[in-house]
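Residue-level listing of the chains:
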Amino acid sequence: MRRTALLAAALLLLPVAAWAEDAGIPPFPELSGPVVDEPGFLSDATREALDTKLRNYAQDSGNQVVVVVVQTLDGYPIEYWGYQLGRHWGIGDKDKNTGALLIVDVGEHKLRIEVGYGLEGTLTDAVSDDIIRNTIAPRFRQRDYDGGVTAGVDAILAVLGGHAEQVRHEQRRDRS
């Protein structure tokens, strides 16, 4: 019995990243701040502005939004990777699960907004999809990556701040 308990404790101490690598999941980047951009996709000015904006938002609201840019997920489903990354990092208030990730897979041209359970009623899958399709993607198609990520973050924060109608209005304008 004691040996089983020790083995169970030892298994709990194994890093999630090692498990992820063994399971074929691309490794998780280190959570270095509200903007994690390992490939250097965003300009320094954009990273700094978003960092300040997202730190202030977290301090004021208790929610946490993180931008994650990776070079590639090597074909791995972004939905599952994003969910596991959010769990690994412990994004948002632990008891309320109030975190969100904006994930950019540069090499595979994929975008995802992963939302913690505590924010799902506000930042729904449908709203997240609208933000990606109508706010971020049009700017990316014009190669305005800094503008796309910034507009996406602004839209996410507007929705979480109770201004979803404002975001919908901006999305309709983007389509024309």
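Here the residue numbers are simple positions, counted from 1 along each chain's written sequence. Where local features are concerned, this predicted model is filtered to residues with pLDDT of at least 70; where side-chain atom pairs are given and counted, the filter is 80 or more; whole-chain, interface and lining totals use all residues. As a convention, hydrogens and water are excluded, and side-chain values are obtained from all of the structure's heavy atoms.

### Here's the deal with the overall build of the chain
Now for step 1: A run of H or I in DSSP counts as a helix once it spans at least four residues, and a run of E counts as a strand once it spans at least two, with each numbered from the N terminus. Secondary structure summary: the chain contains seven helices and four strands in total.
Now for step 2: Reading the chain from its N terminus to its C terminus gives the helix and strand order α-α-β-α-β-α-β-β-α-α-α.
Now for step 3: Exposed residues in this analysis have more than 50% of their type's maximum accessible area, buried residues have under 20%, and partly exposed residues fall in between, with area computed by a 1.4 Å probe over protein chains only. Residues classed as buried in the chain amount to 42% of the 176 residues present.
Now for step 4: Throughout, a contact is declared for two residues whenever any of their heavy atoms are within 4.5 Å. Sequence separation of 24 or more characterises 60% of the internal contacts of the chain that already satisfy a separation of 6 or more.
Now for step 5: Here, Shrake-Rupley sampling with a 1.4 Å probe gives the accessible areas, and only protein chains in the shown set may cover a residue. Total accessible area on the chain stands at roughly 10000 Å², and carbon and sulfur atoms take up 50% of it.

### Brief notes about the packing of helix α5 (residues 125-141) against helix α6 (residues 145-160)
Now for step 1: Taken N-terminus to C-terminus, the directions of α5 and α6 make an angle of 155°; their axes are 8 Å apart at the nearest point. In terms of axis orientation, α5 runs roughly antiparallel to α6. In the packing of α5 onto α6, the handedness of the crossing is right-handed. Taken together, the residues of α6 that come into contact with α5 (itself represented by V127, I131, T135, I136, R139 and F140) are Y145, G147, G148, V149, A151, G152, A155, I156 and V159.
Now for step 2: Tallied by class, the residues present in the contact of α5 with α6 amount to ten nonpolar, four polar and one charged. To obtain an axis, a line is fitted to C-alpha atoms, over the contacting stretch when the element is a helix, and the angle between two such axes runs from 0 to 180 degrees between their N-to-C directions. In this scheme, roughly parallel covers angles under 35 degrees and roughly antiparallel covers those over 145, while 65 to 115 is roughly perpendicular and the rest are oblique. Whether a crossing is left-handed or right-handed is set by the direction in which the near helix is turned from the far one by less than a right angle, anticlockwise for left-handed and clockwise for right-handed. Note on residue classes: Ala, Val, Leu, Ile, Met, Phe, Trp, Tyr, Cys and Pro are nonpolar, Asp, Glu, Lys and Arg are charged, and everything else, Gly too, is polar.

### Focus on the sheet that holds strand β1 (residues 35-37)
Now for step 1: One requirement defines pairing of two strands: DSSP has to find at least two bridges between them. Ordered by their spatial adjacency, four strands build an open sheet running β1-β2-β3-β4, and the pairing between neighbours is mixed. Of all strands in the sheet, those bounded by a partner on one side alone are β1 and β4 (110-115). With strand direction ignored, the average angle separating the axes of adjacent strands in the sheet is 10°.
Now for step 2: Where strand β3 (residues 99-105) lies against β4, six bridges are found, and the strand directions are antiparallel. Of the residues in β4, the one forming a bridge with V104 is L111.
Now for step 3: Packing of α5 onto the sheet brings it into contact with β3 and β4, and relative to β4 it is tilted by some 145°.

### With respect to helix α3 (residues 44-61)
Now for step 1: Helix span, expected: 1.5 Å multiplied by one less than the number of residues in the helix. With 18 residues, α3 extends 25 Å between its outermost C-alpha atoms, agreeing within 8% with the 26 Å of an ideal straight helix rising 1.5 Å per residue.
Now for step 2: Burial in α3 covers these residues: T46, L50, L54 and Y57. Along the long axis of α3, the arc covered by the buried residues comes to 60°, so they all point the same way. Projecting away from the buried face of α3 at angles above 90 degrees are the exposed residues D44, A45, E48, Q59 and D60. The directions from the helix axis to the C-beta atoms form the arc being described.

### Things to note about the environment of R133
Now for step 1: Structurally, R133 is set in helix α5.
Now for step 2: Residue R133 is classed as exposed on the basis of its relative accessible area of 53%.
Now for step 3: Put simply, R133 and L111 are 22 residues apart on the chain and 9.3 Å apart in space, counted from C-alpha to C-alpha.
Now for step 4: Residue contacts for R133: discarding those within four places in its chain leaves P138 and R141.

### Quick look at the pattern of salt bridges
Now for step 1: For this analysis, a salt bridge means a side-chain nitrogen from Lys or Arg found within 4 Å of a carboxyl oxygen belonging to Asp or Glu. Under the defined criterion, the tally for this structure stands at seven salt bridges.
Now for step 2: Residue D154 pairs with K53 through a salt bridge whose shortest N-O separation is 2.4 Å. Linking D154 in helix α6 with K53 in helix α3, this pair joins segments that are 101 residues apart in sequence.
Now for step 3: When salt bridges that share partners are traced, they join D37, D44 and R47 into one network.

### With respect to unusual backbone geometry
Now for step 1: For H109, which is not a glycine, the phi torsion comes out positive at approximately 55°.
Now for step 2: Its location among the elements puts H109 in the loop between β3 and β4.
Now for step 3: With a phi close to 65°, R143 is a non-glycine residue in the positive phi region.
Now for step 4: Relative to the helices and strands, R143 is located in the loop between α5 and α6.

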